[in-house]
Amino acid sequence: KRNLDISASRKLSEQSDYLWCYQDKTTAGGSLNINNSNPGVTLEMKHGLAQIAFVFYKENYSGAGSISSFKIGDVSGSPQIRVNKADPNDLSMSTLDGSITGGQLVNELVITDIGKSITLDSNPGTDAEALKGLVDAYAFIVPMTKPAKSDIKFSFNVDSREYSVVLSGSGGISWVAGQQYIYTVKLTGTQISIQNVIV
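What counts and how
- Residues numbered from 1 in each chain as written.
- Predicted model: local features only at pLDDT ≥ 70, side-chain atom pairs only at ≥ 80, totals over all residues.
- Heavy atoms only, no water.
- Helix = DSSP H or I, 4+ residues; strand = E, 2+ residues; numbered from the N terminus.
- Buried < 20%, exposed > 50% of the residue type's maximum accessible area, 1.4 Å probe, protein only.
- Pairing = 2+ DSSP bridges.
- Patch = residues over 30% accessible without salt bridge, like charges linked within 9 Å, V, L, I, M, F, W, Y side chains within 5 Å.
- Areas by Shrake-Rupley, 256 points an atom, 1.4 Å probe, with all protein chains shown as cover.
- Salt bridge = Lys/Arg side-chain N within 4 Å of Asp/Glu carboxyl O.
- Core = buried A, V, L, I, M, F, W, Y, C linked by side-chain atoms within 4.5 Å.
- Contact = heavy atoms within 4.5 Å.
- Polar contact = N/O pair within 3.5 Å; in protein donor to acceptor, adjacent residues only side chain to side chain.
- Axes fitted to C-alpha atoms, helices over the stretch in contact; angles between N-to-C directions.

**Digging into unusual backbone geometry**
Between D87 and the following residue, P88, the backbone shows a cis peptide bond with an omega angle of -5°. Structurally, P88 can be placed in the loop between β7 (81-83) and β8 (92-93). With phi around 55°, N60 is a residue other than glycine that occupies positive phi space. Accessibility expressed as a relative area gives 73% for N60, which makes it exposed. Of note in the backbone geometry, D159 takes a positive phi value of approximately 50° without being a glycine. Judged by its relative accessible area of 28%, D159 falls in the partly exposed class.

**Quick notes on the pairing of strand β11 (residues 108-112)**
Examined bridge by bridge, strand β2 (residues 9-11) and β11 share three bridges and lie parallel to one another. Paired with R10 across the bridge in β11 is I111.

**Re a nonpolar patch on the surface**
A cluster of nonpolar residues, L19, I34, V41, L43 and M45, forms a patch on the protein surface that exposes about 420 Å² of accessible area. Relative to the helices and strands, V41 resides in the loop between β3 (19-20) and β4 (46-47).

**Focus: the nonpolar core**
One finds I52, F54, F70, I72, F154, F156 and W175 to be the most contacted residues of the largest nonpolar core, which totals 34 residues. Setting aside residues no more than four positions away along its own chain, F54 makes contact with F70, V135, D136, A137, F154, F156, Y183 and V185.

**Focus: the environment of D17**
With respect to the helices and strands, D17 occurs in the loop between β2 and β3. Aside from chain neighbours lying at most four places away, what touches D17 is H47, G48, L49 and F140. Engagement of the side chain of D17 in a polar contact is seen with the side chain of H47, the distance being 2.5 Å. A distance of 3.2 Å separates the side chain of D17 from the backbone nitrogen of L49, its partner in a polar contact.

**Overview of the side chain of T184**
By the secondary structure assignment, T184 is in strand β18 (residues 180-187). Among the residues examined, T184 registers a relative accessible area of 0% and is labelled buried. Those residues in contact with T184, other than ones at most four positions away along the chain, are V55, Y57, N123, P124, G125, L131, S193, I194, Q195 and N196.

**Quick word on the side chain of N157**
Within the fold, N157 resides in strand β15 (residues 152-158). Judged by relative accessible area, which is 19%, N157 ranks as buried. A distance of 2.9 Å separates a polar atom in the side chain of N157 from a polar atom in the side chain of S68. A polar contact is formed between the side chain of N157 and the backbone nitrogen of S160, at a distance of 3.4 Å.

**Here we look at the sheet that holds strand β13 (residues 137-141)**
The sheet built from four strands is open, its strands ordered β13-β5-β18-β19 with mixed pairing. Here the strands that pair on one side only, and so sit at the sheet edges, are β13 and β19 (192-198). In this sheet, neighbouring strand axes are inclined to one another by 25° on average, regardless of whether the strands run parallel or antiparallel. Of the strand pairs in this sheet, strand β5 (residues 50-58) and β13 are connected by five bridges, and their pairing is antiparallel. From the neighbouring strand, A53 faces β13, where its bridge partner is Y138.

**Some details on the pattern of salt bridges**
Applying the stated criterion across every chain yields a total of seven salt bridges. With a closest N to O distance of 3.9 Å, D113 and K11 form a salt bridge. Here D113, found in the loop between β11 and β12 (116-117), pairs with K11, found in strand β2; they are 102 residues apart in sequence, far enough to count as distant. A salt bridge links E59 to K186; the shortest N-O distance between them is 3.5 Å. Highlighted residues: E59 in the loop between β5 and β6 (66-74) and K186 in strand β18, separated in sequence by 127 residues. By relative accessible area, which is 18% here, K186 ends up buried.

Encoded structure:
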């Protein structure tokens, strides 16, 4: 297993994803056993965490749009945000299958020191490749599943004011390892809203 360091509050620039791999064959899905006759191995690396990312745009908003921090909250009665626990921290990932165990479950993850300003004045659309280049902030998070979207609340500090939004819509959410979930966020003079999400 691999020990992990995923604190409940961290700076944007101090985040890490973790890669893992396990194979008993020379190639992923291959038929040759690894041994002295077949020593060459091509490993297929896989991501351990999911990435929750945000692209902001403003509409009828006159402020600078300076984003300083954001929070991902689990407002259900049984939080599933897995982070470090106090020493000794036992948060770890299996290099056999990528499963993550240990740590503690908390109801909030905080990302600070973002240091970006909202520059877009219109909805950037839904093209995944274009949105990747426009990401303003993100968090790496241990994969999790919630039965209802309304269990998740995003809070953003923009121009020293906090804006919050609870996810809406039917069904639950599942943030899967190796996937990037890009949420488009609209800021108006009085509120913030989620326009869409691209995986």
